[in-house]
Amino acid sequence: MDFLQKNTDISHLSNFKTKAFSKYYFEINKESDIELLGDIFDFAEKENVKTLFIWGGTNLLFAFDIFDGIIIKNNLLGWFYDEDSKILFSYSWEKTWDIASWLETEYNQKIWHRFIGLPWSIGGAVFWNAWCFWLETENNFLEAEVYNLKTKKRETLNYEKMDFSYRSSIIKKKEQYFIIKIVFDLAEKKEKYKSDVDNIIFRETIQPKGNSGGSFFKNPSKEFSAGRLLEEVWLKGFHLWGAYFSEKHANFLIASENCTWKDLITLIDLAKTKVKQQFNMELESEVRIIFS
Ligand SMILES: Cc1cc2nc3c(=O)[nH]c(=O)nc-3n(C[C@H](O)[C@H](O)[C@H](O)COP(=O)(O)OP(=O)(O)OC[C@H]3O[C@@H](n4cnc5c(N)ncnc54)[C@H](O)[C@@H]3O)c2cc1C
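A brief look at the structure comes next. (Residues numbered from 1 in each chain as written. Predicted model: local features only at pLDDT ≥ 70, side-chain atom pairs only at ≥ 80, totals over all residues. Heavy atoms only, no water.)

### Side note on the packing of aromatic side chains
Logical step 1: Here the structure, examined in full by the defined rule, presents 22 aromatic pairs.
Logical step 2: On the numbers, 4.8 Å between centres and 85 degrees between planes, the contact of F133 with F202 is edge-to-face. Residue F133 is found in the loop between β8 (131-132) and β9 (135-136), and its partner F202 is found in helix α6 (residues 199-206); the two are separated by 69 residues along the sequence.
Logical step 3: Judged by relative accessible area, F133 falls into the partly exposed class, the value being 22%. (Phe/Tyr/Trp six-rings, centres within 6.5 Å; stacked < 30°, edge-to-face > 60°. Helix = DSSP H or I, 4+ residues; strand = E, 2+ residues; numbered from the N terminus. Buried < 20%, exposed > 50% of the residue type's maximum accessible area, 1.4 Å probe, protein only.)

Below, the structure is given as structure tokens:
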């Protein structure tokens with residue numbers, strides 16, 4: 001396995017930017033690299049270590065000093081929009097935000113206007129079924145070409161096979177697929193509910209800047225948003241060592257410079273305990289916490 005790098009610094013690969021290393025590391029830079037995934041997964045099984053794919057890392061919190069496994073970074077780039085058929089083809093590492101902006105400026109195609117401002121990759125958006133005010137990634141999804149880690153073959157997953165739901169898809173549920181490229185049909189706007197919110201203005205006014213994963217906890221119910229619960233337990237703007245909940249938006253957990261993963265986890269546990277004690281509700285993180 002000489003193509004695997006060892007003891008690699010991966011701090012920049014999570015949006016929280018806490019110090020982290022990986023025992024093994026591999027980058028997929030071209031299509032032919034995908035064929036090595038079979039060997040990598042056999043090696044992981046033999047060594048009894050974990051594997052983790054990463055695109056932009058905006059939804060990942062590393063809760064370890066050294067990841068005892070293999071981090072696989074996806075760098076597959078390139079996209080193409082066919083103006084006549086309104087079909088978009090994209091490799092999984094392209095940025096959703098960039099594509100949405102280009103579609104508007106180059107092709108006057110405004111269906112993805114609300115995705116301007118959605119951080120990082122289009123593959124990540126498919127994995128999570130990312131959404132911006134009821135415009136969901138699944139709405140215009142046609143199919144994805146994936147590498148199946150169990151059969152070690154490429155296959156095509158259509159809309160039905162993707163099993164999309166709120167902030168989820170088959171890719172998230174099964175963790176046996178590597179997404180290579182995705183096809184969208186942008187002929188018609190298909191948002192779940194109509195919304196006139198201008199996402200760009202909303203983000204500017206509501207969302208704080210800094211190293212975060214966006215909204216940190218899921219909203220436990222329609223009446224009780226996670227942000228409201230955090231405010232009620234006096235954690236809005238609260239700092240614990242290098243970690244804090246933003247003064248601007250309580251559900252944004254932010255890592256300041258020199259913040260460690262232990263600072264973040266301690267503050268997360270404190271929030272869960274306080275909300276449980278005061279409201280008998282369980283806070284569940286929307287951001288994926290990766291333990292070694
Ligand atoms: C400020 C801020 C605002 C945000 N606003 C929103 C919002 O409005 N709406 C929303 O839905 N989300 C939002 N997010 C969350 C996040 O940015 C999006 O969900 C984004 O689409 C995730 O993309 P990513 O490239 O960072 O994915 P990553 O976090 O890198 O990866 C997502 C998951 O996919 C897996 N993965 C990576 N590569 C592959 C592959 N090739 N095949 C299979 N699995 C793979 C990873 O293991 C990981 O579990 C926000 C985040 C921030 C920081």
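So that's the structure; there's more coming.
### Observations regarding the sheet that holds strand β5 (residues 66-74)
Logical step 1: An order of β1-β2-β5-β3 is seen for the four strands of this open sheet, with the pairing classed as mixed. Two strands in the sheet have a free side with no partner beyond their single neighbour: β1 (5-9) and β3 (50-54). The sheet shows a mean angle of 40 degrees between the axes of neighbouring strands, direction not considered.
Logical step 2: Contacts from helix α1 (residues 37-47) reach β2 (21-28), β3 and β5, with the element oriented near 170 degrees to β5. (Pairing = 2+ DSSP bridges. Axes fitted to C-alpha atoms, helices over the stretch in contact; angles between N-to-C directions. Contact = heavy atoms within 4.5 Å.)

### Description of the environment of K95
Logical step 1: Among the secondary structure elements, K95 is positioned in the loop between β7 (87-91) and α2 (96-107).
Logical step 2: Note on K95: relative accessible area 18%, which makes it buried.
Logical step 3: Between the alpha carbons of K95 and G56 there is a distance of 8.9 Å; along the sequence they are 39 residues apart.
Logical step 4: Excluding residues that lie within four positions of it along the chain, K95 makes contacts with L77, W120 and S121.
Logical step 5: Among the polar contacts listed, one links the side chain of K95 to the backbone oxygen of W93, at a separation of 3.4 Å. (Polar contact = N/O pair within 3.5 Å; in protein donor to acceptor, adjacent residues only side chain to side chain.)

### Describing the environment of N75
Logical step 1: You can see N75 is positioned in the loop between β5 and β6 (79-82).
Logical step 2: Judged by relative accessible area, N75 falls into the buried class, the value being 18%.
Logical step 3: Expressed as a C-alpha distance, the spacing of N75 and N29, which sit 46 residues apart in the sequence, is 5.1 Å.
Logical step 4: Residue contacts for N75: discarding those within four places in its chain leaves E27, I28, N29 and W93.
Logical step 5: Only 3.1 Å separates the side chain of N75 from the side chain of E27, close enough to count as a polar contact.

### A few points about the sheet that holds β7
Logical step 1: Taken in spatial order, the five strands make up an open sheet running β6-β7-β12-β10-β11, and their pairing is antiparallel. Among the strands making up the open sheet, the edge pair consists of β6 and β11 (153-158). Adjacent strand axes in the sheet meet at a mean angle of 15 degrees, parallel and antiparallel pairs treated alike.
Logical step 2: Here five bridges tie β7 to strand β12 (residues 177-185), and the two strands are oriented antiparallel to one another. Opposite S90, over in β12, you have I182 as the bridge partner.
Logical step 3: Strands β6 and β7 of the sheet are contacted by α2, whose axis makes an angle of about 40 degrees with β6.

### Some words on the pattern of salt bridges
Two side chains that carry opposite charge are able to pair once their charged atoms sit near each other.
Logical step 1: Enumeration according to the criterion identifies 15 salt bridges in this entry.
Logical step 2: Ionic pairing is found between E175 and R288, a salt bridge with its closest N-O pair at 2.9 Å. Of the two residues, E175 is situated in the loop between α5 (170-174) and β12 and R288 in strand β16 (residues 288-291); the sequence distance between them amounts to 113 residues.
Logical step 3: For E175, a relative accessible area of 45% gives the class partly exposed.
Logical step 4: Here R228 makes a salt bridge to E232, at a shortest N to O gap of 3.9 Å. Of the two residues, R228 and E232 both sit in helix α7 (residues 226-232), four residues apart, roughly one turn of that helix.
Logical step 5: Residue classification places E232 among the partly exposed residues on the basis of a relative accessible area of 36%.
Logical step 6: Salt bridges here are not isolated pairs; linked through shared partners, they connect E31, E35, E145, R154 and K181. (Salt bridge = Lys/Arg side-chain N within 4 Å of Asp/Glu carboxyl O.)

### Some thoughts on the site of the ligand
Logical step 1: Within the structure, the ligand sits among 33 residues, and F53, G57, T58, S121 and R288 are positioned closest to it.
Logical step 2: In this structure, an oxygen atom belonging to the ligand sits 3.2 Å away from a main-chain N or O atom of N59.
Logical step 3: Here S121 contributes a side-chain N or O atom positioned 2.7 Å from an oxygen atom of the ligand.
Logical step 4: Look at the ligand: alone it shows 1000 Å² of surface, and the protein chains cover 93% of it.
Logical step 5: Ranked by residues supplied to the shell around the ligand, first place goes to helix α3 (residues 122-128) with four residues. (Near = heavy atom within 4 Å. Areas by Shrake-Rupley, 256 points an atom, 1.4 Å probe, with all protein chains shown as cover.)

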